[in-house]
Amino acid sequence: MKKVLCADIGTSSLKTAVIDETGHVLAGKRVGFKKSSGDFASLEWIEALKSALDSIFTPDDSPSDEKKSSIIQCEITCGSGTVDSVDAICISGNGPTIVSENGRTLLWNHPVDETVLRSVDTKSLFIPRLAAFRNLFPEDWSSASHVFSGPEFLIYQLTGNPCTILPEKRYREAYWSCESLVKSSFTEDEIKKLPPFVFSSDMAGKLTKDAENLLNHAGNGFCEGLPVYCGAPDFISALVGTGTLFPGALCDRAGSSEGLNLCTENPIRAEGIRTLPSVVPGLWNASVLIGETGTRFARYKETLEKSAGMSVSYEDLVHAAITSDGSQPILDQGKYLMLQTAMEARDAFNLLARHARESGEKIPGFFTVSGGQASNREWMEVKCNVMGIPAKIPLFPDAELIGDAAFAFTGMGLFPDLQTASKNLSRIKETILPEVELRIEN
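Scoring rules and cut-offs
- Residues numbered from 1 in each chain as written.
- Predicted model: local features only at pLDDT ≥ 70, side-chain atom pairs only at ≥ 80, totals over all residues.
- Heavy atoms only, no water.
- Helix = DSSP H or I, 4+ residues; strand = E, 2+ residues; numbered from the N terminus.
- Rg over C-alpha atoms; globule rule 2.2 N^0.38 Å.
- Buried < 20%, exposed > 50% of the residue type's maximum accessible area, 1.4 Å probe, protein only.
- Areas by Shrake-Rupley, 256 points an atom, 1.4 Å probe, with all protein chains shown as cover.
- Phe/Tyr/Trp six-rings, centres within 6.5 Å; stacked < 30°, edge-to-face > 60°.
- Lys NZ or Arg CZ within 6 Å of the ring centre and 35° of its normal.
- Pairing = 2+ DSSP bridges.
- Axes fitted to C-alpha atoms, helices over the stretch in contact; angles between N-to-C directions.
- Contact = heavy atoms within 4.5 Å.
- Lys, Arg positive; Asp, Glu negative; His and termini not counted.
- Salt bridge = Lys/Arg side-chain N within 4 Å of Asp/Glu carboxyl O.
- Parallel < 35°, antiparallel > 145°, perpendicular 65-115°, else oblique.
- Left-handed = near helix turned anticlockwise from the far one by under 90°.
- Nonpolar A, V, L, I, M, F, W, Y, C, P; charged D, E, K, R; others polar.

Draft legend 1. Spatial organisation of the overall build of the chain. When helices and strands are tallied, the chain shows 16 helices and 18 strands. What you see for the chain is a C-alpha radius of gyration of 22 Å, in line with the 22 Å of a compact globule of 442 residues. For the C-alpha atoms alone, the extent of the chain along its principal axes is close to 60 × 60 × 50 Å. Counting over 442 residues, the chain shows a buried share of 55%. As displayed, the chain offers around 18,900 Å² of accessible surface, 50% of which is attributable to carbon and sulfur atoms.

Draft legend 2. Quick peek at the packing of aromatic side chains. Using the criterion set out here, one finds 15 aromatic pairs in the structure. Between Phe-126 and Trp-176 the ring centres are 6.0 Å apart and the planes differ by 90°, which places this aromatic pair in the edge-to-face class. Residue Phe-126 is found in the loop between α3 (114-118) and α4 (127-136), and its partner Trp-176 is found in the loop between β8 (164-166) and α7 (178-183); the two are separated by 50 residues along the sequence. On the accessibility criterion, Phe-126 (5% relative accessible area) is buried. Residue classification places Trp-176 among the buried positions, given a relative accessible area of 6%. Ring geometry for Phe-148 versus Tyr-156: centroids 5.0 Å apart, planes at 35°, classification tilted. Phe-148 sits in the buried class, given a relative accessible area of 1%. An aromatic cluster of three or more residues is present, and its members are Trp-45, Phe-148, Phe-153 and Tyr-156. The cationic tip of Arg-269 hangs over the ring face of Trp-284; the distance from NZ or CZ to the ring centre is 5.6 Å.

Draft legend 3. Layout of the sheet that holds strand β18 (residues 428-432). Across the sheet, which stays open at both edges, the 7 strands sit in the order β14-β15-β13-β12-β16-β17-β18 with mixed pairing between neighbours. The sheet is open, and its two edges are formed by β14 (274-277) and β18, each paired on a single side. Neighbouring strand axes in the sheet, compared pairwise and without regard to direction, differ in orientation by 25° on average. Most of the contacts of helix α14 (residues 377-387) go to β18, to which it runs at about 45°, and overall it touches β12 (250-254), β13 (258-264), β16 (367-371), β17 (391-394) and β18.

Draft legend 4. The sheet that holds strand β5 (residues 98-100), seen in detail. Within the open sheet, the 3 strands sit side by side as β6-β5-β7. Their pairing is antiparallel. Here the strands that pair on one side only, and so sit at the sheet edges, are β6 (105-106) and β7 (147-148). By the bridge criterion, 2 bridges tie β5 to β7 in an arrangement that is antiparallel. The residue bridging Ser-100 from the neighbouring strand is Val-147, located in β7.

Draft legend 5. Molecular detail of the environment of Leu-5. Take Leu-5: it is sitting in strand β1 (residues 3-9). Residues Leu-5 and Gly-248, spaced 243 residues apart in sequence, show a C-alpha to C-alpha distance of 30 Å. The contacts of Leu-5, once residues within four sequence positions are left out, are Thr-16, Ala-17, Val-18, Leu-49, Leu-53, Ile-56, Val-86, Ala-88, Ile-89, Cys-90 and Phe-222.

Draft legend 6. Molecular detail of the side chain of Asp-20. Secondary-structure assignment places Asp-20 in strand β2 (residues 13-20). In this structure Asp-20 is buried but unpaired, with Arg-427 as the nearest side chain of opposite charge at 6.3 Å. If sequence neighbours within four positions are ignored, Asp-20 has contacts with Met-1, Lys-2, Lys-3, Leu-26, Phe-409 and Leu-425.

Draft legend 7. Examining the pairing of β2 more closely. The element β2 is largely enclosed, with a buried count of 8 among its 8 residues. Relative to β2, β1 is paired through 7 bridges, and the arrangement is antiparallel. Across the sheet, residue Lys-3 finds its bridge partner in β2, namely Asp-20. In this structure, the hairpin formed by β1 and β2 is closed by a connection of 3 residues.

Draft legend 8. Inspection of the environment of Ala-27 at higher detail. When you line up the elements, Ala-27 lands in strand β3 (residues 25-32). With 59 residues separating them along the chain, Ala-27 and Val-86 place their C-alpha atoms 12 Å apart.

Draft legend 9. Main features of the packing of helix α15 (residues 399-411) against helix α16 (residues 418-425). Interhelical geometry of α15 versus α16 gives an angle of 130° and a closest axis separation of 9 Å. With respect to α16, the element α15 is oriented oblique. Judged by the twist between their axes, the crossing of α15 over α16 is right-handed. Facing Ile-402, Ala-405, Ala-406, Phe-407, Phe-409 and Thr-410 of α15, the residues of α16 in contact are Leu-418, Ala-421, Ser-422 and Leu-425. Partitioning the contact of α15 with α16 into residue classes produces 8 nonpolar, 2 polar and no charged.

Draft legend 10. Structural context of the pattern of salt bridges. Inspection of every chain in the model, using the stated rule, returns 21 salt bridges. Here Lys-15 and Asp-398 are joined by a salt bridge, their closest N and O atoms 3.6 Å apart. Highlighted residues: Lys-15 in strand β2 and Asp-398 in the loop between β17 and α15, separated in sequence by 383 residues. Asp-398 carries the same exposure label as Lys-15, and that label is buried. Of the charged contacts in the structure, one is a salt bridge between Lys-50 and Asp-54, with a shortest N-O distance of 3.1 Å. You can see Lys-50 and its partner Asp-54 sitting in helix α1 (residues 43-56), 4 residues apart, about one turn around the helix. We classify Asp-54 as partly exposed; its relative accessible area is 38%. Here the residues in one salt-bridge network are Lys-15, Arg-30, Asp-234, Arg-253, Asp-398 and Glu-400, joined through shared partners.

Draft legend 11. Structural context of the packing of helix α13 (residues 329-358) against α14. At a closest axis distance of 9 Å, the pairing of α13 and α14 adopts a crossing angle of 40°. Our classification of the angle between α13 and α14 gives oblique. When you trace α13 past α14, the crossing you get is right-handed. Here α13 contributes Met-338, Leu-339, Thr-341, Ala-342, Met-343, Ala-345, Arg-346 and Phe-349 to the contact with α14, which in turn contributes Trp-379, Val-382, Lys-383, Val-386 and Met-387. When the residues that make up the contact of α13 with α14 are grouped by side-chain class, the tally is 10 nonpolar, 1 polar and 2 charged.

Below, the structure is given as structure tokens:
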């Protein structure tokens, strides 16, 4: 049974999971970054990966029962297997984050001078950020041999091979071309800093001896020559991990920020909808971005804990807020935030459904949730009732990691294509039905 170590680089943490070819999540670990907003945030990525491995695996000379007990089981597991070794690594992460060879980092959400962004006339998501990086960190830019577009920096640390992951060939416009870079005043020497394109599911390279020594888990397969596969930007990995690769499939990706994504046969062009190619050739992804819904709730939780003088789990806080009788204003504030999030998701769904209907696309009859909200049934009941359509809850809420497994196993030849891999690996725990179901006509 093949197993892959999947790692997704988020804004504030690294999520990892060991997943087998049947979609069972055997073990996992989330490692928070100490300086997630710093100018050298990317230097924590490989240390976080090592910390995750230290939690998942124990040294070879440990007693077998100690080894088994050291495995950090995911909060929501898809199986009860144990992990002795892996056959590959797959990396994904958020973007457009820009990282120079020395680790200088401009995170995707870091505010930059708007005049720099306006000076670049392009449809690219990355060229404005590259221009901003060059303006903010001129010495790091000029001295770097390579400048990476996010998770490829960690891949470079593991393999020594510089690359830029292109999810699908139609994404070239959203990344860059020599012509678009020249048009945006990048010189020939500057263009050479950007690594060549490879595709999701490609093998980026193999673990180097230096990386083996740093990770220090050669006995578990993390030794020189271990294949390292290309994932994708995290939102694309989440779409793969939730099976949102078929026309009419809808995913609510709810993390620190949130967005609804609808797979379509043809591009939908409308105000408020961002349409990008699907990772599946010939299909498209229409999305409505909602904003920092998870971040808002995290700030609320922090405020409540300071007021109460104690820490509170998300589960307890969600339950207390939802069942609040109005006698405690601070709990009512939490209930309002959850209702606001649900109503924003409803509005996003209605926008997508209206334009899909006008374009002759399939209208989704349910939505699949990815991210932290998927771990809390009470929250999902609220959202499901407000949106008026059924919600499918994955067995493993961090769909980015399931998507990474699909990329790796497709690259390894275990599945003929991503759609087949996604269909086989994404597993649903339960379906929540709304109290009053919205009637939708195709």
